[in-house]
Amino acid sequence: MPVEPADPSGAGATYAAAGVDIEAGDRAVQLMKEWVKKAQRPESVGTLGGFAGLFDASVLKRYERPLLASATDGVGTKVAVAQRMDQHDSIGHDLVAMVVDDLVVCGAEPLFMTDYICVGRVVPERVAQIVKGIAEGCVLAGCALVGGETAEHPGLLGPDEYDVAGAGTGVVEAGAVLGADRIRTGDAVIAMASSGLHSNGYSLVRHVLFERAGWALEREVPEFGRTLGEELLEPTRIYSLDCLALTRTTEVHAFSHITGGGLAGNLARVVPDELHARVDRGTWTPGPVFDLVGRAGDVARDELESALNMGVGMVAVVPPGSAEAALDTLADREVEAWVAGEITERAAGADAVTLTGDYAR
């Protein structure tokens, strides 16, 4: 049956009328090009704008048996804070950290990343700021940004809403893969300080500070020496080059990236079934943001520890004789680190990881 035009004036439907602005998308690409150029490696091939990113795989020839490592992630509801503050470059940095610090856990060197930015409405300058942060993060991680996608989804997202995701690829020699099979009784558990909340637990943080406590992002917080919003948008620390430096200067058995699930939950992923990691809370003091969330929401310590990193963003498990060298390497790289525990035999029925004592004050 014939379909009558919805518009009696006879005007045809357009993509723009549906909410998609192709010209704005093209302008966003032009604005981001300068930042993508900064995030290249010698193996990067081609220019921004192709259908696929290219990377010269001949770099793998120097490996005897190269294994490719792949990881993908996002930054969760931290984007809601960035949107409310209209500050978007640090989100890109967060995205890189979440991906490359997963790659390096097995000992892989991050080679390249791609990103996906989904927006309700393309604001070229905003998209360029996100990509700027991604590019700067890639430089800090030593990897290339070889491509990405920006998609406009009107009706699915609000005009000022967006989400980001990324995928990365790295390489590690087959005989150098790190993990649970290398860990031995007596190994030292070395904690590396986080820069703050990183990119996990923001649903809890937002619920506590905004919905329950009613705090504004502009509120000055003496314990932080800055506003609440500035603290919440502190970029996630990127550890990939620091971890790779450790593997070159001393023996490392395993890494653990402390993200959702907290210190115990993530460290347990690399502890063998027959062994146990005992971590002493008294070896460090979590930053003031963790205490604030706990007090403002009357959040139990176990709940905080399962949702937040509590001041530890990465863990290295090393032989006891390598602990001092590891700490020296990290100090040279200006990464605060300390021996937080050790690996022991696991008693029957015991958890893989135990946190003991109280946090230092």
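Owing to the predicted nature of the structure, the values given are computational and were not obtained by experimental measurement. (Residues numbered from 1 in each chain as written. Predicted model: local features only at pLDDT ≥ 70, side-chain atom pairs only at ≥ 80, totals over all residues. Heavy atoms only, no water.)

**Focus: the side chain of Asn309**
As a reminder of what qualifies: Helix numbers and strand numbers start at the N terminus; a helix is a DSSP run of H or I with at least 4 residues, a strand a run of E with at least 2. Pairing of N or O atoms within 3.5 Å defines a polar contact, subject to two protein rules: one partner must be a possible hydrogen donor and the other a possible acceptor, and residues neighboring in sequence count only if both atoms are side-chain atoms. We call two residues in contact whenever any of their non-hydrogen atoms come within 4.5 Å of each other.
Within the fold, Asn309 resides in the loop between α10 (301-307) and β12 (312-318). A polar contact is formed between the side chain of Asn309 and the backbone oxygen of Leu197, at a distance of 3.2 Å. What Asn309 contacts, discounting residues up to four positions off in sequence, is Ser194, Gly196, Leu197, His198, Ile258 and Phe290.

**Side note on the sheet that holds β12**
Under the convention used in this document: Strand pairing requires that DSSP identify at least two bridges connecting the strands. Orientation is described by lines fitted to C-alpha atoms, with helices fitted over the stretch in contact, and by angles between N-to-C directions that extend from 0 to 180 degrees.
On the basis of which strands lie adjacent, the open sheet formed by 6 strands has the order β10-β12-β7-β13-β11-β14 and mixed pairing. Two strands in the sheet have a free side with no partner beyond their single neighbour: β10 (254-257) and β14 (353-356). Shown here is a sheet whose adjacent strand axes are inclined to one another by a mean of 25°, direction ignored. As paired strands, strand β11 (residues 275-280) and strand β13 (residues 337-345) are joined by 5 bridges and run antiparallel to one another. Each bridged residue has a counterpart across the sheet, and for His276 the counterpart in β13 is Thr344. On top of the sheet, helix α11 (residues 323-332) reaches β7 (188-193), β12 and β13; it is set at about 10° to β7, its chief contact.

**Notes on the sheet that holds strand β3 (residues 66-74)**
If you trace the 4 strands from one edge of the open sheet to the other, you get β3-β6-β4-β5, paired in mixed fashion. The sheet is open, and its two edges are formed by β3 and β5 (144-152), each paired on a single side. Adjacent strand axes in the sheet meet at a mean angle of 15° when their direction is disregarded. Bridge analysis of strand β4 (residues 109-119) against strand β6 (residues 162-173) gives 10 bridges, and the strand direction is antiparallel. Looking at β6, one finds that Glu109 is bridged to Val171. Sitting on the sheet, helix α3 (residues 89-103) touches β3, β4 and β6, and the angle it makes with β3 is about 145°.

**Regarding the environment of Val315**
Residue position: Val315 is located in strand β12. Along the backbone, Val315 and Ala193 are 122 residues apart, and their C-alpha atoms lie at a distance of 9.0 Å. The residues touching Val315, leaving out its near neighbours within four places in the chain, are Val189, Ile190, Ala191, Met192, Ala254, Phe255, Ser256, Ile258, Leu263 and Leu267.

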